[in-house]
Amino acid sequence: MDNERSKKRKTLLSFFKHKENSSTSTVNEVNLQSYTSNTEEEQPVLNFSRVEIDLNNLERDPAIRIPIWQHPINQQDEIRRSYIRMGPYQPKLDEYPRTKFGSQTQYRRFQYSWFEKFPWLEYSSSKDLIFCFPCFLFQKKSPINPSFTIDGFNNWKRVNDGVKCPLLIHVGGPTSSHSNSVKCVEDLMKVSGHIDNILNAQSLDEVQKNRLRLKTTIESIRWLSLQACAFRGHDESSSSKNRGNFIEMIKLMGRLNVNIGDIVLKKAPRNATYTSPTIQKEILHIFANKMSIILRFVDFLGILRERFFDIVNVPNTTTSTLKKSISDVLSRHNLNVTNMRGQGYDGASNMSGAWNGLQALFLRECPYAYYIHCFAHRLQLALVGASTKEISVWLFFSKLSTIINLIGCSSKWHSELHSAQTIEIDRMITSGERDTGKGMNQIGNLHRSGSTRWSSHFESICSLIDMFGATISVLESIVEEGSSSSLRGEACGCLITLKSFEFVFTLYMMQKIMGITNLLCQALQNKSLDIINAMDLVSTTKALLFNFREEGFDHLLEYVQMVCTQHDIEIPDLNASYKSATRRSCQQKDSLTIQQHYHFNIFNSVIDFQQEELNSRFSDEAVELLKLSYALDPKDNFKSFKGEDICKLAEKYYPGDFSEQEMHYLRSQLQHYKIDVSH
């Protein structure tokens, strides 16, 4: 009671002060206000008026001046620029104070020559301490190394201690806190790179160059389309001798017109080349709704050929319209549809549908026109199908993308992620959770996932797992220090998601599943595809998914619980009844527990969708057809030649092309051919 009576009663004046006559406040005045408030019974002093800072009279002494983070956030960059223009505070004294260390009789003092060796140093003549100038400019409220930002350093005898020199240790490597601060200083002073200056720098000359560059792309696409030529080449890298028709056409136009040659390809801005496949497709869609036809055939010399055949204008993309258009083109060139021995399209349902798709319509007319989907997209479609059919997986990737984009959109949070990761790695090495060695414990980045490459999703998941704790730390910093309420709110939502049991469970579940399928994904995207190896990988992938479904849940759940415990994430009572958020109370199933929900509704369901899609895209018939066809591969002097496989291919898949008598002749011919090839 006595303590409560002794406290002053808070009034309105406790929180507001009368405005002073002076329109500006010096740094010393702000410093006095910020430190004297602690002596007045710890009463908070809230100043809601804008504090004007005299940028021409900033305190230079590093031991006295106010930390940058204590200034109003909207003025911090201007204050930083003013300090940078003045440079580090490096006074040259006739004699620096001497300091005695311990029981030694010898005195030590600061050396002016250290400014040349460490140009970022600052010296406080009032306290006889040294500080780091870049770290002062970009220090946090709780700095990693306060010795060179808040406390100061004056242990002079250790400066010349070789590799153990505290100044060298403070500088650290390229990802150290000091190096990040130096990089921030450089970025802040690059005025030409600031958004407002970039927008104002758009001149009429640049607009004309952009228009001419885009016109060159449009005319190149128009000509290639009218001449029915392929656009892209096998190798479009800058070192390639033939970068494809489209790039070579632009190079030709550049050689014929100097004005074009000075603005395209390598001489174009990297964000405005107008040559990407996406741009090419958009321009083609603008021209018209057209369908391209490509023929793959064996010429009279037995050499496999592939030619761009025609571009057809179609009024719509229904299967009947597309089939009629293709049949009309083939008939016009005296090519019979019944002679088709294969067909391939993209994965759209109107093309690949097993019952009413375009491939199904041609199969009814020609039973030997087997449909083989593009290898590079097969596994992609299988996994995309799994993610779209299972809602929890779709939500997981949506939230994952939001978290990564939020942190990656700002260089500030990106740098803080590196710092947090460095601290976490040091802690884990100290506790023995991580081993040390060459190439280990590298500082990484969060990888964004791409919509066309499923392997990028796997890389995105692995990067978040490796930096899970650091990501939590950065999100917590954004919640506390975000520049706007919307940013802080979005970060808070991401933090809640990241620290939920369901997100962690799905994260490690998809990491395991995609780890199983990743090797097959990489093999199918190789330029030189080994069909036998790829088909074997299909079989082993299906087997591993089956084993993981049957035996992997308990181990996965145990590991997820360990991760949640490590990061203080609440683990639900797995034996409690599961309540669905999308159903009414009368529709809930009381007999289903939370553990059963994760086991059957999520874990088993995701793997079942994966297996279903893999079986659909890699049917036993298609796999066997490809394996048998591999016997005809001429690589390495027909190394894979097998007469029995060729006979089986003819008997099982093309019986109408070979009579019984022709099959007898074929077996005899293959025996002779096998001996001839071996010699």
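Presented here is a report on the structure given in the accompanying data block.

How each quantity is defined
Residues numbered from 1 in each chain as written. Predicted model: local features only at pLDDT ≥ 70, side-chain atom pairs only at ≥ 80, totals over all residues. Heavy atoms only, no water. Salt bridge = Lys/Arg side-chain N within 4 Å of Asp/Glu carboxyl O. Helix = DSSP H or I, 4+ residues; strand = E, 2+ residues; numbered from the N terminus. Phe/Tyr/Trp six-rings, centres within 6.5 Å; stacked < 30°, edge-to-face > 60°. Buried < 20%, exposed > 50% of the residue type's maximum accessible area, 1.4 Å probe, protein only. Lys NZ or Arg CZ within 6 Å of the ring centre and 35° of its normal. Core = buried A, V, L, I, M, F, W, Y, C linked by side-chain atoms within 4.5 Å. Contact = heavy atoms within 4.5 Å. Patch = residues over 30% accessible without salt bridge, like charges linked within 9 Å, V, L, I, M, F, W, Y side chains within 5 Å. Areas by Shrake-Rupley, 256 points an atom, 1.4 Å probe, with all protein chains shown as cover.

## Here's the deal with the pattern of salt bridges
Charged atoms that come close allow side chains of opposite charge to pair.
Consideration 1: This structure, assessed with the given rule, holds 21 salt bridges.
Consideration 2: Among the ionic pairs, K267 bridges to D262, the shortest N-O distance being 3.6 Å.
Consideration 3: Note that K652 is salt-bridged to E624, the shortest N-O span being 2.6 Å. A residue pair is termed long-range when its members are at least 10 positions apart, and K652 in helix α28 (residues 643-653) and E624 in helix α26 (residues 620-629) qualify at 28 residues.
Consideration 4: One continuous salt-bridge network, built from bridges that share partners, spans R549, E550 and D608.

## Observations regarding the packing of aromatic side chains
Consideration 1: In total, this model carries 26 aromatic pairs according to the counting rule given.
Consideration 2: With a centroid separation of 5.3 Å and 90° between ring planes, the pair formed by Y83 and F136 is classed as edge-to-face. Here Y83 is found in helix α3 (residues 76-86), whereas its partner F136 is found in helix α5 (residues 133-137), with 53 residues between them in sequence. The same class applies to Y83 as to F136, namely buried.
Consideration 3: On the numbers, 4.8 Å between centres and 25° between planes, the contact of F110 with Y123 is stacked. On the criterion of sequence distance, the pair formed by F110 in the loop between β2 (107-109) and α4 (114-117) and Y123 in strand β3 (residues 121-124) is long-range, its members being 13 residues apart.
Consideration 4: Its relative accessible area of 0% is what places Y123 among the buried residues.
Consideration 5: Among the aromatic residues, those joined into a cluster by ring pairs are Y96, F110, Y112, W114, F115, Y123 and W156.
Consideration 6: Stacked on the ring of Y83, the Lys or Arg R65 has its end atom at 5.5 Å from the ring centre.
Consideration 7: For the cation-ring pair, K92 lies above Y112, with the distance from its terminal atom to the ring centre recorded as 5.2 Å.

## Some details on the nonpolar core
Consideration 1: Formed by 68 residues in total, the largest nonpolar core has its most connected members in I461, L475, F505, M509 and M510.
Consideration 2: Of all the elements, helix α22 (residues 501-524) adds the most residues to this core, at 14 residues.
Consideration 3: Not counting residues within four places of it along the chain, the set of residues in contact with I461 comprises F396, F397, L400, L507, M510, Q511 and M514.
Consideration 4: W114, F118, C135 and C165 belong to the second-largest nonpolar core, a separate cluster that totals 18 residues.

## Here we look at the environment of L295
Consideration 1: Tracing the chain through its elements places L295 in strand β5 (residues 290-298).
Consideration 2: For L295, a relative accessible area of 22% puts it in the partly exposed group.
Consideration 3: In this structure the C-alpha to C-alpha distance between L295 and R305, which are ten residues apart in sequence, comes to 8.2 Å.
Consideration 4: Each residue touching L295, except ones within four places of it in the same chain, is listed here: R305, E306, R307, F309, L330 and L335.

## Section: a nonpolar patch on the surface
Consideration 1: Judged by side-chain polarity, F300, L301 and I303 come together as a nonpolar surface patch covering roughly 380 Å² of accessible area.
Consideration 2: Inspection of the secondary structure puts F300 in the loop between β5 and β6 (304-313).
Consideration 3: Judged by relative accessible area, F300 falls into the exposed class, the value being 77%.

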